[in-house]
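Residue-level listing of the chains:
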Amino acid sequence: MHRYVLGRLLGAIPTLFLIVTISFFLIRIAPGGPFDLERPLEAKVMENLNRIYHLDQPLWNQYLLYLKSIAALDFGPSFYFRDFTINELFAQSLPISIQLGLTALCVALFIGGVLGIIAALRQNQATDYTVMTAATLGVTIPNFVIAPILTLTLGVWLGWLPVGGWNGGAFLNVILPVVTLALPQVAVVARLTRGSMIEALRSNHVRTARAYGLTNYMVIVVHALRGAVLPVVSYLGPAAAALLTGSVVVETIFGIPGIGRYFVQGALNRDYTLVMGTVVVVACFVILFNLIVDLLYALLDPRVRYD
Amino acid sequence: MTETDTNPVLTISGLTVDFDTPTGPVHAVRGVDINVRAGETVAIVGESGSGKSQTMMAAMGLLASNGRTSGEVTYQDRNILGMSVRELNQVRGKKITMIFQEPMTSLDPLYTIGRQLAEPMVVHGGLSWKAAQAKALELLALVNIPEPERKIKAYPYELSGGQRQRVMIAMALANDPDVLIADEPTTALDVTTQAQILELLADLQKRLGMAVIFITHDLGIVRKIADRVYVMKDGEVVETGETRPIFETPAHPYTRMLLDAEPTGSKAVVDPKAPILLEAQKIQVAFALDAGFLTPSHVLKAVDDVSFSLRRGQTLGIVGESGSGKSTLGRAVLNLLPASGRVVFNGELISGKNRASMRALRRNMQLVFQDPFGSLSPRLTVGQIISEGLLVHEPSLSARERDERACQALEEVALDPVMRNRYPHEFSGGQRQRIAIARTMVLKPDLVVLDEPTSALDRTIQKQIVDLLRDLQTAHGLTYLFISHDLAVVRAIADTVMVMQRGKVVEAGQTEDIFEAPQSAYTRELIGAALLTQSHLAEG
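Looking at an unreviewed UniProt entry, chain A carries the name Oligopeptide ABC transporter permease OppB, with the source organism given as Roseibium polysiphoniae. The UniProt entry for chain A carries the following text under Subcellular location (unreviewed entry): "Cell membrane". Its UniProt record, at the heading Sequence similarities (unreviewed entry), says of chain A: "Belongs to the binding-protein-dependent transport system permease family."

Our next topic: the overall build of chain B. Looking only at helices and strands, chain B has 19 helices and 20 strands in total. Relative to the compact-globule value of 24 Å for 540 residues, chain B shows a C-alpha radius of gyration of 25 Å, a close match. Here the C-alpha coordinates of chain B stretch approximately 70 × 60 × 45 Å along the principal axes. Taking all 540 residues of chain B together, 54% fall into the buried category. Put simply, 69% of the contacts in chain B that link residues at least 6 apart link residues at least 24 apart. When the accessible surface of chain B is split by element, carbon and sulfur atoms take 50% of a total near 23400 Å². Separation between the mean location of the 56 positive side-chain charges and that of the 64 negative ones in chain B comes to 5 Å.

Below, the discussion takes up the side chain of B:R363. All names here are of chain B. Considering the arrangement of structural elements, one finds R363 in the loop between α12 (355-362) and β16 (365-368). Looking at R363, its side chain comes within polar contact range of the main-chain oxygen of L443, at 3.0 Å. Non-local contacts of R363, meaning those with residues more than four positions away in its chain, are made with H393, E394, R405, L443 and P445.

To continue, consider the domain arrangement of chain A. Frequently, the measure chosen for interface size is the accessible area removed from exposure when the parts meet. All names here are of chain A. Here chain A is partitioned into domain 1 (2-71) and domain 2 (86-300). Each of domain 1 and domain 2 has a C-alpha centre, and the two are 32 Å apart. Contacts between the two partners involve 21 residues from domain 1 and, on the opposite side, 16 residues from domain 2. In total, about 1600 Å² of surface goes out of reach between domain 1 and domain 2, with carbon and sulfur atoms giving 78% of it. Taken as a group, R8, I27 and Y66 account for 31% of the area that domain 1 buries against domain 2, more than any other trio of residues on that side. R8 is the salt-bridge partner of D294, the closest N and O atoms lying 2.6 Å from each other. Taken together, the connections running from domain 1 to domain 2 amount to three residue pairs in polar contact (both at pLDDT 80 or more). Mapped onto the side of domain 1 that touches domain 2, the elements with two or more residues apiece are α1 (2-29) and α3 (59-71).

Before going further, it helps to examine the nonpolar core. Ranked by size, the top nonpolar core spans 75 residues in total, and within it B:M56, B:I96, B:I169 and B:I181 carry the most contacts. Per-element accounting of this core gives the leading share, seven residues, to helix α6 (residues 161-173) of chain B. Shared between two domains, this core takes at least three residues from each, and those domains are domain 1 (1-95 + 180-260) and domain 2 (104-174) of chain B. If near-sequence neighbours (up to four positions away) are discounted, B:M56 is found in contact with B:L10, B:I12, B:I44, B:M98, B:I181, B:I213 and B:I215. In terms of nonpolar packing, the next biggest core, distinct from the first, is built from 53 residues, A:F24, A:L67, A:L176 and A:F285 among them.

Okay, the sheet that holds strand β20 (residues 504-510) of chain B next. Residue and element names in this part refer to chain B. The mixed open sheet is built from six strands, whose spatial order is β16-β17-β18-β13-β19-β20. Edge positions in the sheet fall to β16 and β20, since each of these pairs with one other strand and no more. The mean angle between the axes of side-by-side strands here comes to 15°, regardless of whether they run parallel or antiparallel. Where strand β19 (residues 496-501) meets β20, six bridges bridge the pair, whose relative direction is antiparallel. When the sheet's bridge partners are listed, T496 is paired in β20 with Q510. Sitting on the sheet, helix α16 (residues 459-476) touches β13 (315-319), β17 (447-451) and β18 (479-484), and the angle it makes with β18 is about 160°.

Moving on to the packing of aromatic side chains. Scanning the entire structure with this criterion turns up 13 aromatic pairs over all chains. Between A:F24 and A:Y66, the aromatic rings sit 5.9 Å apart at their centres with planes inclined by 35°, giving tilted as the arrangement. Linking A:F24 in helix α1 with A:Y66 in helix α3, this pair joins segments that are 42 residues apart in sequence. The same class applies to A:F24 as to A:Y66, namely buried. Taken together, a centroid distance of 6.1 Å and an interplanar angle of 15° make the contact between A:F285 and A:F289 stacked. Note that A:F285 and A:F289 are positioned in helix α12 (residues 272-300) at a spacing of four residues, about one turn of the helix. The two residues A:F285 and A:F289 agree in class, both being buried. Each member of the aromatic cluster is reached from another via a ring pair, and the members are A:F24, A:F25, A:Y63 and A:Y66. Directly above the aromatic system of B:Y111 lies the positively charged group of A:R226, at a separation of 4.7 Å from the ring centroid. Sitting over the face of the ring of A:Y262, A:R261 holds its NZ or CZ atom 5.1 Å from the ring centroid.

For the rest of this paragraph, the subject is the interface of chain A and chain B. With 22 residues of chain A at the contact, the number on the chain B side is 31 residues. Taking both sides of the interface into account, the surface hidden between chain A and chain B amounts to around 2400 Å²; carbon and sulfur atoms contribute 61%. Sorting the residues of chain A by area buried against chain B places A:R207, A:Y212 and A:R303 first, and these three jointly supply 28% of that buried surface. Counting every contact that joins chain A to chain B gives one salt bridge.

Examined against the element boundaries, B:A288 turns out to sit in strand β11 (residues 276-289). In this structure, the C-alpha to C-alpha distance between B:A288 and B:K301, residues 13 residues apart in sequence, is 8.6 Å.

All names here are of chain B. Per-residue confidence for chain B gives a mean pLDDT of 87, with 95% of residues at or over 70. In the predicted structure, residues 532-540 sits below a pLDDT of 50 and forms 27 contacts with residues beyond four places in sequence or in another chain. Interface confidence in the predicted complex, given as ipTM, is 0.80; pTM for the same model is 0.80.

The next thing to look at is the pattern of salt bridges. All names here are of chain B. Under the defined criterion, the tally for this structure stands at 27 salt bridges over all chains. Close ionic contact of K233 with D234 constitutes a salt bridge, the shortest N to O distance being 3.3 Å. On the accessibility criterion, K233 (31% relative accessible area) is partly exposed. Several salt bridges share partner residues, and in doing so they unite R37, E40 and R228 into one network.

Rules behind the numbers
Residues numbered from 1 in each chain as written. Chains lettered and ligands numbered in written order. Predicted model: local features only at pLDDT ≥ 70, side-chain atom pairs only at ≥ 80, totals over all residues. Heavy atoms only, no water. UniProt positions renumbered as here; feature names shortened; annotations may be inferred. Helix = DSSP H or I, 4+ residues; strand = E, 2+ residues; numbered from the N terminus. Rg over C-alpha atoms; globule rule 2.2 N^0.38 Å. Buried < 20%, exposed > 50% of the residue type's maximum accessible area, 1.4 Å probe, protein only. Contact = heavy atoms within 4.5 Å. Areas by Shrake-Rupley, 256 points an atom, 1.4 Å probe, with all protein chains shown as cover. Lys, Arg positive; Asp, Glu negative; His and termini not counted. Charge placed at Lys NZ, Arg CZ, Asp CG, Glu CD. Polar contact = N/O pair within 3.5 Å; in protein donor to acceptor, adjacent residues only side chain to side chain. Domains from an automatic or database assignment. Buried area = accessible area lost by both parts, 1.4 Å probe. Salt bridge = Lys/Arg side-chain N within 4 Å of Asp/Glu carboxyl O. Core = buried A, V, L, I, M, F, W, Y, C linked by side-chain atoms within 4.5 Å. Pairing = 2+ DSSP bridges. Axes fitted to C-alpha atoms, helices over the stretch in contact; angles between N-to-C directions. Phe/Tyr/Trp six-rings, centres within 6.5 Å; stacked < 30°, edge-to-face > 60°. Lys NZ or Arg CZ within 6 Å of the ring centre and 35° of its normal. pLDDT = per-residue confidence, 0-100.

Structural data, given as structure tokens:
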């Protein structure tokens, strides 16, 4: 088991290396540079800036320098937020995004799971259709529509909740962004749970459990749900990585200082180190959560073992 | 199996089961009366679709959600039909238990055997988990599972089909039931395993004295174990009575047809000097099993040094239990998986040929699979399925010509060509197997490898398919490699028989010699087990 985890983590290094390499050169191909403003800077200033940020060196040299610093977990200075290093920016914003994403994930998993199970147990009845219609709406209505509607009703008209701001993660401030983030995930989790639960409830071993007069809890949770949760778990890997690394839309609308905004800002400003930093962070999350999913699988299903 | 005049322990009266489907209600069971006395073995016999399983599923409250019931199922003076789940759970799993046809999937793959055995005891018997585990261990020993201490911690996937069915039986016995319902408990098992499970059930019944309701399509089993028989057809009981009279003087034509369903006859002899079509020498197929963390990798020889030759027009029957390597051999001969040894087909060495160079030969060597449900694409019409091979092997044909050929092929397998525009799910198992055969016939092959073509079918349908295969063989001079675990079918269709066990040939020879005077102990065991379950019904 430890051996397997260690192997997977070591195996992530070449993957990360490839991602870093490709994105390093991709962002450099994009026209323009970090210091190109509408009014060009003085040649002397430009030269200075380029020297400080090593932009005057050959590309491969810059690449090697970047690899060296990233190997020491130093993402370098930001080109745009001149007084900050990328590490400092992430240290502030990443915990906020993680807290937001994790809360949304738990909400989605719980509510989506319960709705899915209820729909499966009432298959093709009114409850089922209601849940599934709501789920379809949840998936199809984009969050930049949901967020303003929620802000307008609950924030502006009713005045129950603050319309934006993080306020150190105060409970009231968190509700709207979490709901906005979680809604589409609730919908997906509910659909997935319903589908696999229906299949599980029809399976032969659940029939056995029923035939042996086991309690409803044992039939539904112990025997049906444990198997039915597997597809949800494999969906959650990439979904969790996406949620925890922040959402541009939600963070912008609610004015939350998370990491999501940096994706867009970094790319628009040609803030090379910021773009690279966000790419590496997202890649790490994806790799990490895929590993967690695989370990969860092994935990849930004895036929999958990683010895 | 005692003669008793006691009151019935379970009485089913006027039971109907209807299923609501999008195309209207389906009447699966139409007013069935069945009763079982204490300690008695009652068999419910019928073909698939006769409603025999649904009758018992309804009694146990296990119908699919679109099922509706009426009538009465009386246990201990109470109608358990339509009881609330809570009330029903006081009875099912405790006093009435059930084992199923699918031992491979009837246990939850995610929990250990011990845990699953313990559950009903904890729920019904009020035992602690620890006490239940101890009792589970005793039960595993009772059903003759080897190494019960180790198996109790095992997961279902670590057990063979026969062992899983033993675990199910142990589970059924846990709470000392009055009635045990066995729904085709041996159908999915090998003949020798089948015989052992039946023996175990009979023995346990003698010792524990519960009543057994045995649902089966296999009359051999019924004759061997049942006190009374109910024969079901289209949701109704058409005949009932003591076992002996039913077998000796069946009153209903349907019963007579079932009794007559054993594949009979034998194949017409072919010219012993016919040219050799297929020659296989020293075929070996080995699978490397993955090394685990602590277990070294080892090589499993699925087929170990098998040679045979097959003359044009002949049928070679390959017999063996699951895991004997018979299917693997069939595939190796067709060059569908890597094997060592020499295979000469029609004078041409085909071993070691790559896919591309095999393709031209494929039309002359066709394959029919066991599973008529899985081997036809659900998204193509029957006409498309049948003529697909022509697209590859006779690309010059026009769409109309292909369609004509598909019609001819369908006629040959006695299906109406009008059906070619339908999809496979609209056909029964026997019809699908006919379609699968038509798909091979359309290419006019020399050799057809038939891999358990009749195993998923009812006896009466089996007989029809065997007759069809024999007719096609005579008409087109086909050569068959017939792989089966079913000795009765092989006897009816093969010229020569090869018995395989663990990848090796145990015995080979003319069909009559093998069946009349088997040389090896294993062959004798196989034949013995087969006769137990598929006894020669004609002998009276």
